Amino acid sequence: MAFLFLAYSLFFIPLNGRDVTMLLIIFLFIWNLIDLSSVYWLFKKKHRLFDDRFTTTMCMAITMISSFALAVYLKLLLPVNQSGFYLVPIIVGICIGLLFGGFIQSPALLTGIYNGIMGSIMGMMFGAVLRNPALCNIPIDSAAMIESNIVSLAIFTACSHALVSQFIRYSFKV
């Protein structure tokens, strides 16, 4: 929130609630990308020290949560009415699965791709429900309540991604 206040005070741009929400989601998206890249470099450096079972388990965990989190943010950031943008989170999930599954032999590659696709599909559904709660018959009356739900659940998603990433970093140290 301090970052948003700094951006507001530097540029003197009047921000409404929707702009602040989008800035927060962009910040969380970048934070998760940096966190994912740090776990990737750790994986790349140390994956030969452990057996395939351990590495496959770590690959499944980081692929699922990363593709979920990035798909939620992409679904919230991309335009609503463009049907071509529905494939972007799935492609991101496939790429994450290929990156982490490619460290080991072929079964792990298939597992990484599968978990990447499933995580991105779940993230897209979660993002769609956050934008329009009427999809699941959730009675929300005001746009302010929808915005507060988007902010709180986006922060929760970022924190859960950071927690899983920290567990993976810790498991490589032990």
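Residues numbered from 1 in each chain as written. Predicted model: local features only at pLDDT ≥ 70, side-chain atom pairs only at ≥ 80, totals over all residues. Heavy atoms only, no water.

Caption draft 1: Geometry of the overall build of the protein. Helix and strand counts for the protein stand at six helices and zero strands. Counting from the amino terminus, the protein carries its helices and strands in the arrangement α-α-α-α-α-α. Carbon together with sulfur atoms contributes 73% to the accessible area of the protein, which is approximately 10,000 Å² in total. (Helix = DSSP H or I, 4+ residues; strand = E, 2+ residues; numbered from the N terminus. Areas by Shrake-Rupley, 256 points an atom, 1.4 Å probe, with all protein chains shown as cover.)

Caption draft 2: Inspection of the pattern of salt bridges at higher detail. Scanning the model with the defined rule gives one salt bridge in all. Notably, a salt bridge pairs aspartate 35 with arginine 169, separated by 2.1 Å at the nearest N-O pair. Remark: arginine 169 occurs in helix 6 (residues 143-173) and aspartate 35 occurs in helix 2 (residues 17-46); sequence separation between them is 134 residues. Of the two residues, aspartate 35 and arginine 169, neither departs from the other in class, the shared state being buried. (Salt bridge = Lys/Arg side-chain N within 4 Å of Asp/Glu carboxyl O. Buried < 20%, exposed > 50% of the residue type's maximum accessible area, 1.4 Å probe, protein only.)

Caption draft 3: Examining the packing of helix 3 (residues 52-77) against helix 4 (residues 87-101) more closely. At their nearest, the axes of helix 3 and helix 4 sit 9 Å apart, and the two run at 160° to each other. As the angle between them shows, helix 3 and helix 4 are arranged roughly antiparallel. The interaxial crossing formed by helix 3 with helix 4 has right-handed handedness. Within the contact between the two elements, helix 3 uses Cys59, Ile62, Thr63, Ser66, Ser67, Leu70, Ala71 and Leu74 and helix 4 uses Val88, Pro89, Val92, Gly93, Ile96, Gly97, Phe100 and Gly101. Taken together, the residues that form the contact of helix 3 with helix 4 break down as ten nonpolar, six polar and no charged. (Axes fitted to C-alpha atoms, helices over the stretch in contact; angles between N-to-C directions. Parallel < 35°, antiparallel > 145°, perpendicular 65-115°, else oblique. Left-handed = near helix turned anticlockwise from the far one by under 90°. Contact = heavy atoms within 4.5 Å. Nonpolar A, V, L, I, M, F, W, Y, C, P; charged D, E, K, R; others polar.)

Caption draft 4: Representation of a nonpolar patch on the surface. Taken together, the side chains of Tyr114, Met118, Ile121, Met122 and Met125 present a nonpolar region at the surface, about 460 Å² in accessible area. Structurally, methionine 118 can be placed in helix 5 (residues 106-131). On the basis of relative accessible area, methionine 118 is assigned to the partly exposed category, the value being 31%. (Patch = residues over 30% accessible without salt bridge, like charges linked within 9 Å, V, L, I, M, F, W, Y side chains within 5 Å.)

Caption draft 5: Quick look at the packing of helix 3 against helix 6. At a minimum axis distance of 10 Å, the contact between helix 3 and helix 6 shows a crossing angle of 160°. When the axis of helix 3 is compared with that of helix 6, the two are roughly antiparallel. Relative to helix 6, helix 3 is oriented so that their crossing is left-handed. Two secondary-structure elements touch here, helix 3 through Phe54, Met58, Ala61, Ile62, Ile65, Ser66, Phe68, Ala69, Tyr73 and Leu76 and helix 6 through Ile150, Ala154, Thr157, Ala158, Ser160, His161, Val164, Ser165, Ile168, Ser171 and Phe172. Class assignment for the residues of the contact of helix 3 with helix 6 results in 15 nonpolar, six polar and no charged.

Caption draft 6: Main features of the side chain of serine 120. Checked against the element boundaries, serine 120 lands in helix 5. Other than its neighbours up to four places away in sequence, serine 120 contacts Ser67, Phe68, Ala71, Pro89, Ile90 and Gly93.

Caption draft 7: Geometry of the side chain of asparagine 115. Structurally, the position occupied by asparagine 115 is in helix 5. Taking the relative accessible area as the measure of exposure, asparagine 115 reaches 7% and is therefore buried. Once you skip the residues sitting within four places of it in the chain, asparagine 115 turns out to touch Met60, Thr63, Met64 and Ser67.

Caption draft 8: The arrangement of the nonpolar core in detail. Among the nonpolar cores identified, the biggest contains 35 residues, and Ile25, Phe43, Ile62, Tyr73, Phe100 and Ile168 are the most heavily contacted of them. With eleven residues, helix 3 is the largest single contributor of residues to this core. In this structure, isoleucine 62 is in contact with Leu36, Val39, Phe100, His161, Ser165 and Ile168, ignoring residues within four places of it in sequence. (Core = buried A, V, L, I, M, F, W, Y, C linked by side-chain atoms within 4.5 Å.)

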